[in-house]
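The residues making up each chain are set out below.
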Amino acid sequence: MNEIIKVDTIDLYNKLYGLETTHPLVTVVDLTKATTFPNHVRMNMGVYSLFLKQTKCGDLTYGKKLYDYQEGTIVTFAPGQVIGIELKEDARPISMGIVFHPDLIRGTSLGENIKHYSFFSYEVNEALHLSEEERQIILDCLDKVRIELSHDIDKHSKTLIAKNIELLLDYCMRFYERQFNTRSKANKDILVQFEALLDDYFQGENAENNGYPTVKYFADKVFLSPNYFGDLIKKETGQTAQQYILLKLISVAKDRIVNTNQSVTEVAYGLGFQYAQHFSRLFKKNVGCSPNEYKKQNME
């Protein structure tokens, strides 16, 4: 599985599975109708895709890790991602899904909003697990697109197809929120890890050596994608992961300004800033006064 196939058209995707192309920019895929099956392949995706898997028949990888992709789950991919497919010999996948080209949604509300569907960048252990009722809703949404594709293309086609895909993605957003709720204990465990990692990052010379902490740094530490991690933190705290990091940084900065003899420049460098003036501007924006003014107010 060394060769990587660039899949940047709908027709190329359909040819991999021996399926008919009825629209150049979108296809509803039913792999039970496939006539060919690439059992061992890596694909560099140039299209968006969403699949509902209805049976376990092989492994799907993103990078070097296996997806949490079992029966009754959904996974999604965005352009630029590389996925690997390892099917068992003679396996026949039973999956339904949709594949669409970015050009399909340009100039539509979905094109404007596609970046908000953060699950397109979720990775390992982050597939969406559906109830039977949710599964049926997904299948109904796919069927709406399929029906529209069976009609001759007219001036309404692009809008109607895009709106039905948007409806499908909105349902996925709802179902992911439900999944965050049902996994609340595991999510809280990750939040505890995040807080401990934040404390550790600002101790010693970690921040000074590595710079201002990023969401990706902490997501990697808990083995999640940045988007999934960020959505989880937002769900548990009401704040974005970036806001959470900033609040911690301001809290540590206040302690060091008041409780140590460090200068503002030393505090700034110790928190990962290359330039003290950047730190001072950020501090004033969030606290309402400069670091020196804050020190004066709290030393009187």
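Every value quoted in this text rests on a predicted model; they were computed, and no experiment measured them.

S.K.: So what's going on with the layout of surface pockets? Residues and values would help.
M.R.: Estimates place the volume of the largest pocket at around 350 Å³. Around the largest pocket, the lining comprises 13 residues; the ones closest to its centre are Glu-20, Thr-27, Val-28, Lys-33 and Arg-146. Counting residues per element, the ones that place at least two in the lining of the largest pocket are strand S2 (26-30) and helix H4 (132-149). The dominant element in the lining of the largest pocket, judged by the number of residues it contributes, is S2, at four residues. Classifying every residue of the lining of the largest pocket gives five nonpolar, four polar and four charged.

S.K.: Residues and numbers for the packing of aromatic side chains, please.
M.R.: All told, the structure shown has 21 aromatic pairs when counted by the stated rule. Residues Phe-119 and Tyr-176 carry aromatic rings whose centres are separated by 5.8 Å and whose planes lie at 20° to one another, so their mutual orientation is stacked. Of this pair, Phe-119 sits in the loop between helix H3 (109-113) and strand S10 (128-129) while Tyr-176 sits in helix H5 (residues 157-182), and the two are 57 residues apart along the sequence. With respect to burial, Phe-119 and Tyr-176 carry one shared label: buried. Judged by centre distance (5.0 Å) and plane angle (80°), the ring pair of Phe-194 and Phe-229 falls under edge-to-face. Of this pair, Phe-194 sits in helix H6 (residues 184-201) while Phe-229 sits in helix H9 (residues 226-237); the two residues are 35 residues apart in sequence, bridging distant segments of the chain. Side by side, Phe-194 and Phe-229 carry an identical accessibility label, which is buried. Three or more aromatic residues joined by ring pairs form one cluster here, namely Tyr-48, Phe-100, Tyr-117, Phe-119, Phe-120, Tyr-176, Phe-180 and Tyr-228.

What counts as what
Residues numbered from 1 in each chain as written. Predicted model: local features only at pLDDT ≥ 70, side-chain atom pairs only at ≥ 80, totals over all residues. Heavy atoms only, no water. 1 Å grid on protein atoms, 1.4 Å probe; cavity = no way out; pocket = protein on both sides within 12 Å on 5 of 7 lines; lining within 4 Å. Points joined across faces, edges and corners; volume = space filled by probe spheres on them. Helix = DSSP H or I, 4+ residues; strand = E, 2+ residues; numbered from the N terminus. Nonpolar A, V, L, I, M, F, W, Y, C, P; charged D, E, K, R; others polar. Phe/Tyr/Trp six-rings, centres within 6.5 Å; stacked < 30°, edge-to-face > 60°. Buried < 20%, exposed > 50% of the residue type's maximum accessible area, 1.4 Å probe, protein only.

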